[in-house]
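Listed below, chain by chain, are the residues.
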Amino acid sequence: MDKDRELNSSVYFHTMPAEKVLDSLHTSNAGLTESEAITRLEKYGKNELQENGRKTLLMMFLLQFKDVMIIILLVAAAIAGFLGELADTAIISFVVLLNAVLGVAQESKAEKALAELKKMSSPYARVQRDGQEQRLKSEDIVPGDIVLVEAGDYIPADLRLIDVASLKVEEAALTGESVPVEKSADVIETPDIVIGDRLNMAYLGTSVTYGRATGVVVATGMNTEVGKIAAHINVAGSEETPLQKKLAELGKYLSIGVIIIAAVIFIAGIMQQRDVLEMFMIAVSLAVAAIPEGLPAIVTIVLALGVQKMARRNAIIRKLSAVETLGSTEIICSDKTGTLTLNKMTVREIYVGNRHFNADDELKIDTDLEIFMQAMTLCNDGVLNRCEDGQLTALGDPTETALLYFAAKEGITREQLEATIPRTAEIPFDSDRKLMTTVNRINDTYRILTKGAPDILLSKCNRILIDGQIKEIDEAIFQEIKQANTGMGSKALRVLAMAYKDSGTAIDNPNPADTENDLIFLGLVGMIDPPRQEVREAIKVCKDAGIRAVMITGDHRDTAAAIALDLGIIKDQSEVISGSELDKISDQDFLQQVYQYSVYARVSPEHKVRIVNAWRQNGKVVAMTGDGVNDAPALKAADIGVGMGITGTDVAKGVSDMVLSDDNFATIVLAVEEGRKIYSNIRKAIQFLLSANIGEVLTLFIATMLNWPILFPIHILWINLVTDTFPALALGIDKGEKDIMKQKPRPANASVFAEGMGISIIYQGIFQGAITLTAYYIGMSNYSQPVAVTMAFATLGLIQVVHAFNERSRYQSIFKLGLFSNKYLVGAALFSAILMVGVIITPALNSLFRVVTLNTEQWGIVVLLSVLIIPLVDFMKIFARLKQNKN
């Protein structure tokens, strides 16, 4: 990093007078010269955030072969080919390559989805160079540039403001503050203060909602506050998800088992003085039988199908494993502004003429309300525009546009009123007075309309309008107004007061001292950034599902608590904690206390990461939802980051595992449900595949001990590819249990084989092995060795086709579920059965597979033995149901 860049990154520009800032950056109010700007662009680089390098297709392809199961299969394929078993080598290679291609295709698709989400938030900016105003690409801005901004503009870099005119900046994306922050150019003495309190600074990624300003660029690109967060994200590591860990664990155990069993079989054969090459091929057969080589591909495809389904429901998955992780989520840490709320100030209630009204009440416009609406609408610089579809869009300060929306709901617009009551003069709002005043002409009368902070405005009023009559404000009325103001404040509403007075003479140059006094009080309006309507139900569903919602926000404590109480996230204020209070708790103590809090207010990005990490250290699977830059480190730290597609910043989208394209928190509930279904279905597929493989291993092991040449490697591979893969895929898209969102989350450390699944795999594998050996015995006793091998091959394959129906539930009989309720499984079973039978009855193939054609009697025995698996498993399910009911 350049020395000057390193120096500038540590300077507290907010503590320096504007002139000193300009001097330190070697610039002036006229801006840089074009030649100096070019020199600085070469020195400091483009004003853009750096992206991590993407993996090439070749790298993605090679990474598909790091799985232990895949490596063992590749070794087996190479040895089989060396020994001349080319058919075995071809089939093994085909299975492995299929898995790799599927993996690369999905990963590449995810990378393309990320690229589509990346958009420049501020492509152009107004810059002063060579004393002339220019319009430049934001990426070409350099430190020392003089930038001009006004309402509606994005801040293109980090600025030290040097000239401000009623500037308000929306910083929700950076600080979590839902209300725009009023800025100034004044020096701030305290050096070490949080970003949200640096009122003479404006930061990249925020936007101007009101006023205008001129600022000097003090940082660009990765040196901005947003860039620092992005750099923090880029260096953070990525951990495996629970499913990846479980599959890696499964691969490790299977590999150990394969080595032990193959060694035992090989040694036993040598001791029986059997051919070494023959025993090696039997050992390869065992390796193939023990390893569910189709499992990685099946898991990938099932997840990919889930991704497509979720995309149709507005949840865009960037990483396949995020689906499963979300399904096992126990904690959802969510930012408030824009995620749980609309990020749109809205009038909640008003107090006019000593009367209270809710925003939804049907108002009868009397004299009191008429003048009150005039004050709301005319003493206002916001603008509402009606689009072609009839919807209203707002421009300006959210507080002012909230007043316009409320008036528009009552059929009153600023344009209509100004046509007959035009503005003739104004006194703009400023932070010292905390008031705004306009003068509007009504025929020959000039109406002074004032709005502002209730305590300030009330002190300038000596009368009140009640029922169309102007009355003196006595102590009783004064206390009623104060009580109404306090009541709104206790609900975390932002309260504004309205007042007016009429003058018979024109006021050309009004000043606060003469104009803003002896006013007639009109009323109060209470506003809030309201919760999304669908979020209440979403949080209720989460609670039913055993998922805890945690609000983490940079907003004020009272506002956060009010929203959380409204949504049902908390029951009382004891569950709320502020960032400053959190700082006083040690990491060790917080690990125990994290369960006590569900709302965190006035927090920094570091706090968010600390909260997420505390839950994770308690063994919880954590999801973090958010849309702002300030959410990004926690999105990265969580097991799954859920970003917002519409309002989300580029940084937040870039680190997210999933993006909600509709910015709807309720979509996360659908994603949780889908994730649970997918994980449940993957477990069904695992149980189906492993029980089949155990059946194959037992068949080979016992047959070898009995010196029966029962199955060849190509038989096992064909069964695993054809009669395992397609039914397993159909199980992967099975309908989920009806009560899946009433179940508690599966613990993060729970085994894949939990809840009796391991026992089910074992007994079902024993049944399959016993039935296959029975088929071989019948064939040897009544026919010939080739017929016996063929009957064993056919029986083992068809058993697995039929057994797939058993795996739809570990408790319910397939007859209760309905044989044809999963149409995909029916189709997969028919397709697998046709392929299985086809290699036996087709002359060109049966010689390749070393089998012979069976007659009708032999096929009848095979079919009867194959369907025997259904009553056997149904009988065992009786005990599983008894245990489930007992639990």
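Residues numbered from 1 in each chain as written. Predicted model: local features only at pLDDT ≥ 70, side-chain atom pairs only at ≥ 80, totals over all residues. Heavy atoms only, no water.

For the protein, the count of helices and strands is 35 helices and 26 strands. Per-residue burial for the protein yields a buried fraction of 55% across its 887 residues. Counting only contacts in the protein whose residues sit at least 6 apart along the sequence, the fraction spanning at least 24 positions is 72%. For the protein, the exposed area adds up to about 37,700 Å²; of that, 57% sits on carbon and sulfur atoms. (Helix = DSSP H or I, 4+ residues; strand = E, 2+ residues; numbered from the N terminus. Buried < 20%, exposed > 50% of the residue type's maximum accessible area, 1.4 Å probe, protein only. Contact = heavy atoms within 4.5 Å. Areas by Shrake-Rupley, 256 points an atom, 1.4 Å probe, with all protein chains shown as cover.)

A few words on the packing of aromatic side chains. Per the counting criterion, the structure on display carries ten aromatic pairs. Ring geometry for Tyr595 and Trp615: centres 5.0 Å apart, planes at 75°, overall edge-to-face. Separated by 20 residues along the polypeptide, Tyr595 in the loop between α23 (587–593) and β23 (599–601) and Trp615 in helix α24 (residues 605–617) bring together distant segments of the chain. Residue classification places Trp615 among the buried residues on the basis of a relative accessible area of 0%. Judged by centre distance (5.2 Å) and plane angle (70°), the ring pair of Trp718 and Phe849 falls under edge-to-face. On the criterion of sequence distance, the pair formed by Trp718 in helix α28 (residues 713–732) and Phe849 in the loop between α33 (843–846) and α34 (856–867) is long-range, its members being 131 residues apart. Taking relative accessible area as the criterion, Trp718 reaches 17% and is therefore assigned buried. Of the residues examined, Phe849 reaches a relative accessible area of 3% and is grouped as buried. Among the aromatic side chains, those forming a connected cluster through ring pairs are Phe590, Tyr597 and Tyr600. (Phe/Tyr/Trp six-rings, centres within 6.5 Å; stacked < 30°, edge-to-face > 60°.)

One can describe the packing of α34 onto helix α35 (residues 869–886) by two numbers: an axis separation of 4 Å at closest approach and a directional angle of 10°. Taken together, the axes of α34 and α35 are roughly parallel relative to one another. For the pair formed by α34 and α35, the contact residues are Leu865, Ser866 and Val867 on the first element and Ile869, Ile870 and Pro871 on the second. Class assignment for the residues of the contact of α34 with α35 results in five nonpolar, one polar and no charged. (Axes fitted to C-alpha atoms, helices over the stretch in contact; angles between N-to-C directions. Parallel < 35°, antiparallel > 145°, perpendicular 65-115°, else oblique. Nonpolar A, V, L, I, M, F, W, Y, C, P; charged D, E, K, R; others polar.)

Contact pair helix α30 (residues 785–806) / α34: the axes reach a minimum separation of 8 Å and the direction vectors enclose 35°. For the crossing formed where α30 meets α34, the hand is right-handed. Counting all contacts with α30, which are made through Val787, Met791, Ala794, Thr795, Leu798, Ile799 and Val802, the residues of α34 involved are Gln858, Trp859, Ile861, Val862, Leu865, Ser866 and Val867. In the contact of α30 with α34, the residues fall into eleven nonpolar, three polar and no charged. (Left-handed = near helix turned anticlockwise from the far one by under 90°.)

A word on unusual backbone geometry. In this structure, Ser166 is a non-glycine residue whose phi angle is positive, near 50°. Inspection of the secondary structure assignment puts Ser166 in strand β4 (residues 158–170). If you check the backbone angles, Asp467 has positive phi at about 55° while not being a glycine. Tracing the backbone through its elements, the reader meets Asp467 in the loop between β17 (461–466) and β18 (469–472).

What follows is about the confidence of the model for the protein. The predicted structure's coordinates, where accompanied by low pLDDT, should not be read in detail. Of all residues in the protein, 90% attain a pLDDT of 70 or more, and the chain-wide mean is 84. When the criterion is pLDDT under 50, residues 1–9 qualifies, and its contacts beyond four places in sequence or with other chains add up to twelve contacts. Counting contacts from residues 235–239, a segment whose pLDDT is below 50, to residues more than four positions away or on other chains yields five contacts. (pLDDT = per-residue confidence, 0-100.)

Moving on, we come to the side chain of Arg414. Structurally, Arg414 can be placed in helix α16 (residues 414–420). A polar atom in the side chain of Arg414 sits 2.6 Å from the backbone oxygen of Gly382. Once residues within four sequence positions are removed from consideration, Arg414 is found in contact with Thr377, Leu378, Asn380, Asp381, Gly382, Val383, Leu404 and Arg423. (Polar contact = N/O pair within 3.5 Å; in protein donor to acceptor, adjacent residues only side chain to side chain.)

Now for the sheet that holds strand β9 (residues 331–334). The eight strands lie next to each other as β8-β26-β25-β24-β9-β21-β23-β22, forming an open sheet whose pairing is mixed. With partners counted over all chains shown, the strands left at the sheet margins are β8 (315–317) and β22 (576–578), one partner each. Pairwise comparison of adjacent strand axes, ignoring direction, gives a mean angle of 20° for this sheet. Across the face of the sheet, helix α27 (residues 666–705) comes into contact with β8, β9, β24 (622–626), β25 (640–644) and β26 (658–660) while running at roughly 140° to β26. (Pairing = 2+ DSSP bridges.)

Regular strands place their side chains on alternate faces of the sheet. Sheet topology note: the strand β14 (residues 423–430)/strand β15 (residues 435–442) ladder contains five bridges and is antiparallel. Within the sheet, the bridge partner assigned to Ile427 lies in β15 and is Thr437. Counting the residues between successive antiparallel strands, the hairpin from β14 to β15 contains four residues, one of them, Lys434, with a positive phi of roughly 60°.

On to α27. Note on helix geometry: an α-helix contains 3.6 residues per turn, so any two residues three or four positions apart are oriented the same way. Taking 1.5 Å as the rise per residue, α27 with 40 residues should run 58 Å; its terminal C-alpha atoms sit 59 Å apart, in good agreement. Note on α27: the residue one or two positions beyond its end, Asn707, has a positive phi of about 60°. (Expected span 1.5 Å × (residues − 1).)

The subject of this paragraph is α34. The end-to-end C-alpha distance of α34 is 17 Å, a good match for the 16 Å that twelve residues give at a rise of 1.5 Å each. Within the sequence span of α34, burial applies to Gln858, Trp859, Val862, Leu865 and Ser866. Taken down its axis, α34 places every buried residue within 130° of arc, on the same side. Turned more than 90 degrees off the buried face of α34, the exposed positions are Thr856, Glu857 and Leu864. Those residues of α34 hidden inside the fold are in contact with α29 (757–782), α30, α32 (823–841) and α35. (Arc of directions from axis to C-beta.)

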